[in-house]
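# Coordinate inspection notes
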Amino acid sequence: MSHEDREIDFGGAATSSGASATANGAISFSSITVHDPELRGSNRLNQHYVYKITTDPVVVDHVYRRYSDFDSLHAVLTEMFPGVFIPPLPPKKALGNMNEDYILGRRRPGLERFLNRVARIPILAESAVFQMFLVRAHGFEDSMKEAKKAAEARTVGQVLSSFQQYYGDVLAASTPVGVDAELQAMEDFFKGEEDRLSQMASHTHDLASLQTKSVAVLSKVASVLQTVYNHERDSAVASPARAPFLEHFSQWHVDAKEFENGYTHFLQNTFMDEAADAKQMIALLALRASYKSRHDKSKAKANKWADPGTKCDSDKHRAAREQDLRKEEEDATLLEAVTKLLLNVEVRQAWLKRVTEWEHNMLAWARSQSQFAQRSYQNWESMATKGAPADAPEQ
C-alpha cells in the first residue's frame, strides 16, 4: 500500500467518490493530478515554475498554478476555517527552490498530495475558493484577491454557521471535563513527535546522501571491472572466476541503487510529511490557546459591568456594555467550537491511526537498514569466495 493510499483525513466523512456534485452544488473531485512543472520566464530574474493541474471529473481541460498560488489557497482556507486541520504544503525553500531534483522529487508530489487531501475534507473541498482554484482558468489572480478579502472579512457568526453545517453533531456534544489539561498533553505529544520525525527525516537524508556517493563510486568501479574483463576476454586470458565476480559486484550496485531510491523517495519524504502534519496540529493548538487568551480578556472586560462601581447610566455606557457582552459571548462560542473540533471522536481516531502509521514507518526504516546491511554482507561474501578472481586470495 502506497503512502498516499494510507492517507488519513481529519475533517469528518469524505465526499462521495465519483459524484458530479455535492448537496451544496460543489463539484466532488475524486482525484487531482499535479503534472511535472514547466519553466516560464525569459531570464533568471523572472523565471518560475508553473504546474498544470487536471481533475477527475474533468471540468476544464487544465489550469496552471504557481507555488505562490498554492500558498495563497492554504492561507485563505486557514483564515476561513479556524480550528479545522488544513493539510500542510511542502515547505518553502529559500535556496535551491529552482533545483529540478527538489521540484520533481519533493515539491510536485507534495502539492498533489495537498490538493487530494483537501478534496477529501468536505468543509474545505466544497468551499468556493478551492473550487475556483481547480477550475478557474482565466481571471484567477483577481478572484484569489477577492477570496482573500472575503476570508479576512468573515464574521464569527459566518465561521460558526459553516461549522454548524459540517460539524453539527460535534458542536452539539458537551465539552469534556479537564479540557485544558488534555489539550496540553496533546501539544506535548505532537511537539515530541515533530522533533522525532524531523530527526528521522534528517538521518534519512544523510543516509541518502551517503548512499548516492556510494552508488557513484560503485558505478565507476563496475565500469572499470567491466572494461578489464572485456579486455581479458578479448585477449583470451580471462579467469573463469571473473564473470561471477563481476556479476556479484553488479548486483551489489543494483541493491545500493534500490536503497538509495527507498531512502530518498519514500522514507525521507514520508518522515518530512508526517513531521509537517504534527507541526500543523501544534499550530492548531496554538490557535486555540490564542482564542482562550482572547476570551479571558473579553470576559474580564464584560465582568467589569457587573461591578456596582462601574457607571452604566448613559446611552454611551449602555452601548459599550452591550458591545463588550456581545464580544465575550462571540469569543466564548468560537473558543468552545474550536475546542470541540480539536477533541471530537473522529479527529482522535484519525490521529491514533496516524500514530500507528508513524510507528509503521519507523519500523520500515529499521527494516530497510537491516536488509541493506544483510544484502551488502552477502554480496561481499559472494565476491570474496564464490566469485573471487583467480589471483585474489580466498577467505
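If you're wondering where the values come from, they're calculated on a predicted model, not measured in any experiment.

### Things to note about the nonpolar core
Core analysis: the largest hydrophobic core is formed by 71 residues, its most contacted members being Leu-115 and Phe-163. The leading source of residues in this core is helix H8 (residues 242–303), at nine residues. Residues Val-215, Ala-222, Trp-252 and Ala-256 belong to the second largest nonpolar core, which totals six residues.

### Some points on the environment of Leu-285
Tracing the backbone through its elements, the reader meets Leu-285 in helix H8. When its relative accessible area of 6% is taken as the criterion, Leu-285 is described as buried. Sequence spacing of Leu-285 and Glu-187 is 98 residues, and the spatial spacing of their C-alpha atoms is 6.7 Å. Sequence-distant contacts of Leu-285, that is, excluding residues within four places in its chain, are made with Leu-183, Met-186, Glu-187, Phe-190 and Leu-342.

### Some points on the pairing of strand E3 (residues 48–56)
In terms of burial, E3 is largely enclosed, as seven of its nine residues are buried. Relative to E3, strand E1 (residues 31–34) is paired through four bridges, and the arrangement is antiparallel. Looking at the pairing, Val-34 lines up with Ile-53 of E3. Direction of pairing for strand E2 (residues 38–40) relative to E3: antiparallel, over a ladder of three bridges.

### What about the packing of aromatic side chains?
The full count for this structure, using the stated rule, is five aromatic pairs. Judged by centre distance (5.1 Å) and plane angle (70 degrees), the rings of Phe-70 and Phe-133 are edge-to-face. Of the two residues, Phe-70 sits in helix H1 (residues 67–80) while Phe-133 sits in helix H4 (residues 128–135), which places them 63 residues apart along the sequence. In this structure Phe-133 comes out as buried when scored by relative accessible area, which is 0%. Arranged with centres 6.5 Å apart and planes meeting at 70 degrees, the rings of Phe-163 and Tyr-167 form a pair that is edge-to-face. With a gap of four residues between them, Phe-163 and Tyr-167 both fall in helix H6 (residues 156–172), about one helical turn apart. By the burial criterion, Phe-163 is buried, and Tyr-167 matches it. Of note, Arg-107 hangs over the ring of Tyr-67, and the distance from its end group to the ring centre comes to 3.9 Å.

### So, the packing of helix H7 (residues 179–234) against helix H9 (residues 315–343)
With their axes 11 Å apart at the nearest point, H7 and H9 run at an angle of 55 degrees to one another. Compared by their axis directions, H7 and H9 come out oblique. Between H7 and H9 lies a crossing whose hand is left-handed. Here Val-179, Glu-182, Leu-183 and Met-186 of H7 come into contact with H9, specifically with Thr-339, Leu-342 and Leu-343.

### Let's talk about the pattern of salt bridges
One pass over the structure, following the stated rule, counts 15 salt bridges. Salt-bridge contacts for Arg-318 lead to Asp-315; the nearest nitrogen and oxygen are separated by 2.8 Å. Taken together, the residues span about one helical turn, with Arg-318 and Asp-315 both in helix H9 at a distance of three residues. One salt bridge in this structure joins Lys-340 and Glu-336, with 3.3 Å as the shortest N-O distance. With a gap of four residues between them, Lys-340 and Glu-336 both fall in helix H9, about one helical turn apart. A cluster of three or more residues bridged by salt bridges with shared partners is formed by Asp-36, Arg-108 and Glu-112.

### Quick word on the environment of Ala-243
In this structure, Ala-243 sits in helix H8. Judged by its relative accessible area of 33%, Ala-243 is partly exposed. Sequence spacing of Ala-243 and Tyr-229 is 14 residues, and the spatial spacing of their C-alpha atoms is 7.7 Å.

### Description of the side chain of Asn-116
Within the element layout of this structure, Asn-116 appears in helix H2 (residues 100–118). Setting aside chain neighbours within four positions, we find Asn-116 in contact with Ser-31 and Ile-32.

### As for the packing of H6 against H9
In the contact formed by H6 and H9, the axes pass within 11 Å of each other and the chain directions differ by 40 degrees. Every pair of crossing elements has a handedness; the one defined by H6 and H9 is left-handed. On H9, the residues touching Val-156, Val-159, Leu-160, Phe-163, Tyr-167, Val-170 and Leu-171 of H6 are Glu-330, Thr-333, Leu-334, Ala-337, Lys-340 and Leu-341.

Here is what the cut-offs are and how they apply
- Residues numbered from 1 in each chain as written.
- Predicted model: local features only at pLDDT ≥ 70, side-chain atom pairs only at ≥ 80, totals over all residues.
- Heavy atoms only, no water.
- Core = buried A, V, L, I, M, F, W, Y, C linked by side-chain atoms within 4.5 Å.
- Buried < 20%, exposed > 50% of the residue type's maximum accessible area, 1.4 Å probe, protein only.
- Helix = DSSP H or I, 4+ residues; strand = E, 2+ residues; numbered from the N terminus.
- Contact = heavy atoms within 4.5 Å.
- Pairing = 2+ DSSP bridges.
- Phe/Tyr/Trp six-rings, centres within 6.5 Å; stacked < 30°, edge-to-face > 60°.
- Lys NZ or Arg CZ within 6 Å of the ring centre and 35° of its normal.
- Axes fitted to C-alpha atoms, helices over the stretch in contact; angles between N-to-C directions.
- Parallel < 35°, antiparallel > 145°, perpendicular 65-115°, else oblique.
- Left-handed = near helix turned anticlockwise from the far one by under 90°.
- Salt bridge = Lys/Arg side-chain N within 4 Å of Asp/Glu carboxyl O.

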